[in-house]
Amino acid sequence: MEQDIRVIPTTGRNNCGGRCIIKAHVKDGTIVRLTTDTPEEADGGVPLTACARGMNYHTTYFSEDRLKYPMKRVGKRGAGDFERISWDEAVDILVREWTRIRDTYGPGSRYVMYATGESAVLSGRAFTKRLLSLDGGFLDSYNSYSSACVRQITPYLYGTDDTASSPADWLNSSLIVLWGHNPAETVFDAETMFYLRKARDRGIPMIGIDPRENDTIRRLGAEWFPIRPATDSALADAVAWVLYTEGLYDKAFIDRCCVGFDREHMPEGVDPDECYFSYLTGVKDGVEKTPEWAEKITGLPADRIFALARRMGTVKPMNILQGWGPQRNAYGEQASRSAIMLACLTGNVGIPGGSACGPGGYNPRPLPKLPPLPNPYGVSIPVFLWTDAVTRGTEMTALDGVRGAGHLSSNIKMIFNIAGNTLLNQHADVNRTKAILEDESLVEFIVVSDVFLTASARYADLLLPCTSFWEEENMTLPWIGGAFIGYNNRVIDPLYECRPEYDWLKEAARRLGLYDAFTQGRETARDWLRFLYDRTREESPELPAFDELRREGIVRYKNVPVRVAFARECRDPEHCPFPTPSGKIEIFSRTLYEKEFSEFFPAIPRYVSPPEGYEDPLRAKYPLQLMGYHTKRRCHSIHDNNPRLEKLDPQAVWMNPLDAAERGIGDGDMAVVFNDRGRLRLPVRVTERIMPGVAAIPQGAWYRPEADGTDAGGNINVLTSQRPTPLAHGNGQHTNLAEIRKA
Ligand SMILES: Nc1nc2c(c(=O)[nH]1)N[C@H]1C(S)=C(S)[C@@H](COP(=O)(O)OP(=O)(O)OC[C@H]3O[C@@H](n4cnc5c(=O)[nH]c(N)nc54)[C@H](O)[C@@H]3O)O[C@H]1N2
Ligand SMILES: Nc1nc2c(c(=O)[nH]1)N[C@H]1C(S)=C(S)[C@@H](COP(=O)(O)OP(=O)(O)OC[C@H]3O[C@@H](n4cnc5c(=O)[nH]c(N)nc54)[C@H](O)[C@@H]3O)O[C@H]1N2
Ligand SMILES: [Mo]
């Protein structure tokens, strides 16, 4: 029996924070069993062990619901009426609309959605951009839905966003602060929980700052500091106030490495009282930023803030690890800055066991990459503003984050949504997006390639069925940091009439007369992968041959050095300056001070009360702060239709017992969650694991509207806002006010 079974290695390629090794045991063309990496097989490296999602990739992707053949829309857009067509007709329609829209509105009217369903070296999204670039160009985008704020703001402080130390260095810490960080669910690369568990086993104390007692806090036995969403900077200000007034901060470090903490280290020509310490003591606004002040905002008792500050000021090295939840808020930039500020004030930057904060992720060795072709249109928008580029694109300017030109030459008229669900499900304010998409005079043509009829796919004009990663070859890389390369072998033949995007793009390229330029003689995915890998191998001769990578399914770099970020800069800033205008870490940013929006976007990392935050008067109408989180049960919207995974975290809204009792709601009751943007219905989970006044819904549930517009799927984006963050133009999707009633 066993002899008939072939074991084919592959790696997960959902955008879930992990890249697990999956070994498919295949018999007669079907998968009979999956196994994964073990510590023994990891050979001294960090095991890339699959979680419950990884071990259920087959039950998700081999579902009966797979899209099976190409289709074109026949009814009203969004109504879900499609008609089967041939691949030949599909490519005809595609090329006809492609050229019509290019010739009518210009190449810059074509837009490729942010999409992470193919998080691998090759993706339909990248190939689509490639073909568009060869054909006059397209409207491009920058930022992500993941880390827009932290990536944009960090360089204002350090001059770079490459701020991570190696996870192996965390074991040198004496205190680890998990600040809005939940890697027990979000993974954040396999190394994160691997080293955090080791740290716990060594007895390194841990603190978790989060409105929820999340799974990581529980699993690592961290001490929970519950705070209201989007108030992190108020907590940081009060901690800093204690450190300053009690003299517990690292004066030598801020003298040597920072500008803007005190009056003595301010840029010339700027009022010295614009500095951070003058803000803390209320020189201008008369308000001391004491723990009592912060208690009213954060909900964390003042005595706990005092205790936290004294600990942060005396235990060294301290490693603040901030997740990306705090920055997916209406003023998300400030939360990222505040964490960096505390790392500096306590002198923990540049030392073993400390941390610089910032986005995290460090790639010590070269990794293969499909380089983009130059885009002749050359204009890009922040990803989160694509709906604006549909409705008022030509009015958008640099103030909306337009880059590469003063304004857009056209609104978006054609959309490619390739392996993504941000066309509806994952973008904010579903009802607004829906109205925009339903108006066929705005976007004239929408191409979707996916594996399922998702909420976004329903809005396709041309709906193309894609192969899953079981059915095609690819290469995977660490999620944000690490030193390995994974391989997706083809485990089974493509199902139904499904095709990888590269196949139909090649057909389109042929009809556009761009075949040779598009393929560069590389007919298959494997041709591209071999080419890209071999180029990397020229830089890193220690890598094994391509065919060995395919056979093993993984290659790990050996002897990777442990990095302490900014060690040299902090030791000797005179000779190794930070790449900032001043050469130092800029707690006060002159660049921001001189921007036209400095009134609501301050030059220092201080608390700013955000719209729909705790202090917004709108709370009289919608008293609950409603936040989202990334759940272990899904990768964004992927796996939502897999009932096997549901039990890991059944879709429900978390409520504190006090809030539930006030509304006569019991655990398990159905409730309606609503605000001015929409309403959804889902069960309530009454739990002490969320602080009073706050409710939480795991993001990514499939939007399933009922006749009256209520979403029965529990998709939080029915309630989120398209208001961009002030500097990064990012997505503050965790900042919402809402009310909850028993259904
Ligand atoms: N299982 C799974 N893993 C994933 C993903 C997934 O969908 N599923 N998605 C992946 C992707 S693409 C990304 S970008 C990352 C996302 O990673 P993150 O952005 O870090 O994940 P979140 O769950 O949004 O937030 C992390 C924690 O921050 C808390 N939090 C939210 N708002 C605040 C706040 O205002 N203050 C504080 N202090 N805490 C707050 C949340 O309760 C949560 O516990 O995860 C990756 N990993
Ligand atoms: N409210 C709220 N919204 C959020 C977030 C939040 O925290 N709160 N998080 C945001 C973040 S961080 C991110 S990264 C985005 C993610 O947003 P998306 O990138 O849109 O993520 P998914 O929902 O996972 O969409 C992936 C799509 O790819 C499809 N797919 C899966 N495998 C394949 C394949 O092999 N081929 C093809 N063609 N398709 C495939 C899936 O069916 C799915 O439709 O969501 C953002 N949205
Ligand atoms: Mo993300």
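Reading guide: rules and limits
- Residues numbered from 1 in each chain as written.
- Chains lettered and ligands numbered in written order.
- Predicted model: local features only at pLDDT ≥ 70, side-chain atom pairs only at ≥ 80, totals over all residues.
- Heavy atoms only, no water.
- Domains from an automatic or database assignment.
- Contact = heavy atoms within 4.5 Å.
- Buried area = accessible area lost by both parts, 1.4 Å probe.
- Salt bridge = Lys/Arg side-chain N within 4 Å of Asp/Glu carboxyl O.
- Polar contact = N/O pair within 3.5 Å; in protein donor to acceptor, adjacent residues only side chain to side chain.
- Helix = DSSP H or I, 4+ residues; strand = E, 2+ residues; numbered from the N terminus.
- Nonpolar A, V, L, I, M, F, W, Y, C, P; charged D, E, K, R; others polar.
- Axes fitted to C-alpha atoms, helices over the stretch in contact; angles between N-to-C directions.
- Parallel < 35°, antiparallel > 145°, perpendicular 65-115°, else oblique.
- Left-handed = near helix turned anticlockwise from the far one by under 90°.
- Core = buried A, V, L, I, M, F, W, Y, C linked by side-chain atoms within 4.5 Å.
- Buried < 20%, exposed > 50% of the residue type's maximum accessible area, 1.4 Å probe, protein only.
- Near = heavy atom within 4 Å.
- Areas by Shrake-Rupley, 256 points an atom, 1.4 Å probe, with all protein chains shown as cover.
- 1 Å grid on protein atoms, 1.4 Å probe; cavity = no way out; pocket = protein on both sides within 12 Å on 5 of 7 lines; lining within 4 Å.
- Points joined across faces, edges and corners; volume = space filled by probe spheres on them.
- Pairing = 2+ DSSP bridges.

**A few points about the domain arrangement of the protein chain**
In terms of domains, the protein chain is made up of domain 1 (71-145 + 375-472 + 494-525), domain 2 (149-363 + 581-593) and domain 3 (617-742). If you average the C-alpha positions of domain 1 and of domain 3, the two centres end up 29 Å apart. Listed by partner, the interface residues are 30 residues for domain 1 and 25 residues for domain 3. Of all residues in domain 1, Phe384, Asn425 and Gln426 give up the largest surface area on contact with domain 3, accounting jointly for 29% of the area buried on that side. The tally of links from domain 1 across to domain 3 stands at 0 salt bridges. Applying the counting criterion to the domain 1 and domain 3 interface returns 21 residue pairs in polar contact (both at pLDDT 80 or more). The biggest single contributor to the side of domain 1 that touches domain 3 is helix α16 (residues 430-438), with 5 residues. Along the lines of polarity and charge, the residues of the side of domain 1 that touches domain 3 split into 13 nonpolar, 13 polar and 4 charged.

**What about the packing of helix α9 (residues 232-245) against helix α14 (residues 332-345)?**
Two numbers describe how α9 lies on α14: the axes approach to 8 Å, and their chain directions differ by 20°. For the element pair α9 / α14, the angle class is roughly parallel. In this structure, the crossing between α9 and α14 has a hand that is left-handed. Listed contacts from α14 to Asp232, Ser233, Ala236, Val239, Ala240 and Leu243 of α9 are Gln334, Ala335, Ser338, Met341, Leu342 and Leu345. Looking at the contact of α9 with α14 residue by residue, the classes come out as 8 nonpolar, 3 polar and 1 charged.

**Thoughts on the nonpolar core**
Ranked by size, the top nonpolar core spans 67 residues in total, and within it Phe261, Tyr276, Leu342, Cys344 and Ile585 carry the most contacts. When residues of this core are assigned to their parent elements, the largest contribution, 9 residues, is made by α9. Excluding residues that lie within four positions of it along the chain, Tyr276 makes contacts with Ala236, Asp237, Ala240, Gly260, Phe261, Met341, Ile587, Ile604 and Pro605. Judged by nonpolar contacts, the second largest core, of 55 residues, contains Leu67, Tyr377, Leu437 and Ala671.

**Section: the site of ligand 1**
Inspection of the region around ligand 1 gives 37 residues, with Cys16, Asp232, Asn329, Arg634 and His636 positioned closest. Between ligand 1 and Thr631, the relevant distance is 2.9 Å, taken from a nitrogen atom to a main-chain nitrogen or oxygen of the residue. A distance of 2.8 Å is found between an oxygen atom of ligand 1 and a side-chain nitrogen or oxygen belonging to His734. Considered on its own, ligand 1 offers 900 Å² of accessible surface; in the complex 100% of this is hidden by protein. Taken together, the elements giving at least two residues each to the shell around ligand 1 come down to α6 (183-186) and β21 (624-629). When the residues that make up the shell around ligand 1 are grouped by side-chain class, the tally is 13 nonpolar, 16 polar and 8 charged. In terms of domain composition, the shell around ligand 1 takes at least three residues from each of domain 2 (149-363 + 581-593) and domain 3 (617-742).

**Description of the layout of surface pockets**
Its boundaries defined by the atoms lining it, the largest pocket holds a volume of some 1700 Å³. For the lining of the largest pocket, the secondary structure elements donating two or more residues are α4 (124-134), β7 (140-142), α5 (148-158) and β17 (474-476). The element best represented in the lining of the largest pocket is α4, accounting for 5 residues. Looking at the lining of the largest pocket residue by residue, the classes come out as 22 nonpolar, 15 polar and 10 charged. Per-domain counts for the lining of the largest pocket show at least three residues from each of domain 1 (71-145 + 375-472 + 494-525) and domain 2 (149-363 + 581-593). Looking at the second largest pocket, its volume works out to about 920 Å³. Ser166, Pro167, Glu191, Tyr195 and Gly482 are the residues nearest the centre of the second largest pocket, which is lined by 47 residues in total.

**Quick notes on the sheet that holds strand β16 (residues 462-465)**
Hydrogen bonds between backbone groups are what pair the strands of a sheet, and the pairing can be parallel or antiparallel. Ordered in space as β5-β4-β16-β15-β14-β6, the 6 strands form an open sheet in which the pairing is mixed. Each of the sheet's edge strands pairs with one partner strand only, and the pair in question is β5 (82-84) and β6 (110-112). Going across the sheet, the axis of each strand differs from the next one's by a mean of 20°, ignoring polarity. Its contacts with the sheet place helix α3 (residues 87-105) against β4 (71-73), β6, β14 (414-418), β15 (445-450) and β16, and it is angled at close to 135° to β14.

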